[in-house]
Structures are given as C-alpha cells and as structure tokens.
Amino acid sequence: MIKKYLIIFSVLIILPSNLFSKNQYFQEGVNLFKNNKFNEAKFKFEQDIVFNPKNERSYLYLSMIFNNLKKTDLEEQNLKTVILLNPKNEEAIYYLAKLKLKSSDYSKSKELNDRLMNLCNKFCTQSRKLKKEIENLSKK
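Conventions adopted
- Residues numbered from 1 in each chain as written.
- Predicted model: local features only at pLDDT ≥ 70, side-chain atom pairs only at ≥ 80, totals over all residues.
- Heavy atoms only, no water.
- Phe/Tyr/Trp six-rings, centres within 6.5 Å; stacked < 30°, edge-to-face > 60°.
- Helix = DSSP H or I, 4+ residues; strand = E, 2+ residues; numbered from the N terminus.
- Buried < 20%, exposed > 50% of the residue type's maximum accessible area, 1.4 Å probe, protein only.
- pLDDT = per-residue confidence, 0-100.
- Contact = heavy atoms within 4.5 Å.
- Axes fitted to C-alpha atoms, helices over the stretch in contact; angles between N-to-C directions.
- Parallel < 35°, antiparallel > 145°, perpendicular 65-115°, else oblique.
- Left-handed = near helix turned anticlockwise from the far one by under 90°.
- Nonpolar A, V, L, I, M, F, W, Y, C, P; charged D, E, K, R; others polar.

1. Some points on the packing of aromatic side chains
Item 1. Counted according to the given criterion, the structure contains eight aromatic pairs.
Item 2. When the ring of Tyr-25 is compared with that of Phe-51, the centres are 5.6 Å apart and the planes differ by 15°; the resulting orientation is stacked. In this pair, Tyr-25 sits in helix 1 (residues 2–34) while Phe-51 sits in helix 2 (residues 38–51), placing the two residues 26 residues apart along the sequence.
Item 3. The class for Phe-51 is partly exposed, based on a relative accessible area of 35%.
Item 4. When the ring of Tyr-94 is compared with that of Tyr-95, the centres are 5.4 Å apart and the planes differ by 65°; the resulting orientation is edge-to-face.
Item 5. Here the aromatic cluster, defined as three or more aromatic residues joined through ring pairs, consists of Phe-26, Phe-33, Phe-38, Phe-45 and Tyr-61.

This is the structure we're talking about:
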C-alpha cells in the first residue's frame, strides 16, 4: 500500500516539474537568441521541438538562426516546416519568398508572395515592397 502511494506521489512531483521544464526550453532559446548566442539558442529550440514537435515558433527561430549563420539550406528547411505546420504563417512565407528571391528563383518567390498577399494581415507592407522587388529583379 505504501509503495502505491509512493509511486503516485513521485508521479505528482516529477510530472509537473518535467512539463514546466519542457516549456522553459523555448523561452530560454528566445532569451539566448536576443543575446546573439545562436548556437546555445539553437540547442534550446531543438530541445523544445523534442517535447513540442508542432511548435512552429521554434522552427521559425531556428530558421532565423540559420539565416544568421549563413546556412540557407537549413533556413529553408525550417521555414518549410513552419509553413507545413501552419500554412497561414505570414512571417515564414515572407522569409521563404525573400530567400527564394535571393537565390534568383523569381517564379517561386512570386508564387509565395502572391500567397502572402492573399493572407495579408501583418505583412501587407512587406509583401507590397517584395512584389516591386521581384518585378524589378525579374526584368533584368
């Protein structure tokens, strides 16, 4: 009987602290990112993804880290994951369109920007500027 209570007590003590620590990874990653500690932040966001595989915000931060580290393949991979998890994530669509424009993939950049303009809530101004940039660069 005592053994049963001990197990229940252990679960009640360990489970909440374990859940709390899972949520801490993301916030620790954000704090490290803000302090330009990209490798440490990357590790925290990856830890968060282990416990929260559908946290699009962790993938978005990872894409920004890889952008700073000039690792465009990994940046693109994480942006695509964000869009897969949330097809209406304007920030991810915008940054992926910019990334495609940077790699001279004008048609894909235009396609993504058109999609962004249809969603347009927070990134309307950026989308209009990007449209002009795509048009100017694709004429050259």
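2. Notes on the environment of Arg-128
Item 1. Here Arg-128 lies in helix 7 (residues 124–139).
Item 2. Each C-alpha atom, one on Arg-128 and one on Met-117, is 7.8 Å from the other, the two residues being eleven residues apart in sequence.

3. Quick look at the confidence of the model for the chain
Item 1. Chain-level pLDDT for the chain is 87 on average; 84% of the residues reach the 70-or-more range.
Item 2. Confidence over residues 15–20 falls short of pLDDT 50; this stretch has one contact with residues more than four positions distant or in other chains.

4. Focus: the packing of helix 2 against helix 3 (residues 56–68)
Item 1. In the contact formed by helix 2 and helix 3, the axes pass within 9 Å of each other and the chain directions differ by 155°. Considering the angle they form, helix 2 stands roughly antiparallel to helix 3. Relative to helix 3, helix 2 is oriented so that their crossing is left-handed. Contact residues: Phe-38, Ala-41, Lys-42, Phe-45, Glu-46, Asp-48 and Ile-49 in helix 2; Ser-58, Tyr-59, Tyr-61, Leu-62, Ile-65, Phe-66 and Asn-68 in helix 3.
Item 2. Tallied by class, the residues present in the contact of helix 2 with helix 3 amount to nine nonpolar, two polar and three charged.

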